[in-house]
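Overview (structure and organization)
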Amino acid sequence: MNQKVTIRPFRDSDEAGIIAIVRELQDHESQFYDRLKPTAEIGPWYVDWIREDNQRNHGHFLVADINGMAVGYATLNPSLNSEESREEVYYEYAHVGDLAVLKSHRNQGIGQLLLSECERLARQAGRKWLRLGVHAGNAGARRFYERFLLKERFLTLEKLLD
């Protein structure tokens, strides 16, 4: 990493940068998932949605900052539970909702810093498990998460019905 990266909470001044990151992510994920909003439709509403979700769930909206520029972000809900997933044993876990880094800043350790902070916050909240979802076709993201010892626990299979 050539420049100092700071992981900090979201600020209102980050909105345009976060929108740019999400749009880039939409372009990438649309290659292997056909039910995403068009990139041009991603706007301030998305940032508002993240903020509202975090306020409702006492979550975290983290920004990777280089010289005042948002180059990545992550969201963490530290207090989900297994009640709605119909599991046999009740437990609480933390969930990473989003984790994205601008393509121009990937492979510089920024995603690692964001995920490490999510892990720290999850532990601080007393959680034993950290979960996240990743599109099956997103091989790069899957390899990244595997390096953090995240393992597949559940798979959702789908068939398109004509």
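In this text, all values refer to a predicted model and were calculated from it rather than measured experimentally.

Quick notes on helix α4 (residues 139-147)
Within α4 the residues assigned to the buried category are Ala141, Phe144 and Tyr145. Seen from one end, α4 has its buried residues packed into an arc of 95°, which puts them on one side. Those residues of α4 that are exposed and angled more than 90 degrees off the buried face are Arg143 and Arg147. The positive-phi residue at the C-terminal boundary of α4 is Leu149, with phi of around 65°.

Quick look at the packing of aromatic side chains
Scanning all chains against the criterion turns up eight aromatic pairs. Geometrically, the ring pair formed by Phe10 and Phe61 is stacked, given 4.4 Å between the ring centres and 10° between the ring planes. Taken together, the positions of Phe10 in the loop between β1 (6-9) and α1 (15-29) and Phe61 in strand β2 (residues 60-66) put the pair 51 residues apart, joining distant regions of the chain. Residue classification places Phe10 among the buried residues on the basis of a relative accessible area of 14%. What makes Phe61 buried here is its relative accessible area of 8%. Through pairs of rings, three or more aromatic residues link up here, namely Phe10, Phe61 and Tyr73. Here the basic side chain of Lys37 rests over the ring of Trp45, its NZ or CZ set 5.7 Å away from the ring centre.

Section: the pairing of strand β4 (residues 92-101)
For β4, the tally of buried residues reaches seven of 10 residues, placing the bulk of the element in the interior. Judged from the seven bridges that link them, strand β3 (residues 69-81) and β4 form a sheet pairing that is antiparallel. Within the sheet, the bridge partner assigned to Gly72 lies in β4 and is Val101. As defined by bridge partners, β4 adjoins strand β5 (residues 130-132) across three bridges and the pair is classed as parallel. Directly across from His95, in β5, lies its bridge partner Arg131. For the crossover that starts at β4, traverses helix α3 (residues 110-124) and ends in the parallel β5, the hand is right-handed.

Rules used throughout
Residues numbered from 1 in each chain as written. Predicted model: local features only at pLDDT ≥ 70, side-chain atom pairs only at ≥ 80, totals over all residues. Heavy atoms only, no water. Buried < 20%, exposed > 50% of the residue type's maximum accessible area, 1.4 Å probe, protein only. Helix = DSSP H or I, 4+ residues; strand = E, 2+ residues; numbered from the N terminus. Arc of directions from axis to C-beta. Phe/Tyr/Trp six-rings, centres within 6.5 Å; stacked < 30°, edge-to-face > 60°. Lys NZ or Arg CZ within 6 Å of the ring centre and 35° of its normal. Pairing = 2+ DSSP bridges. Right-handed = clockwise from strand over helix to strand, strands pointing away.

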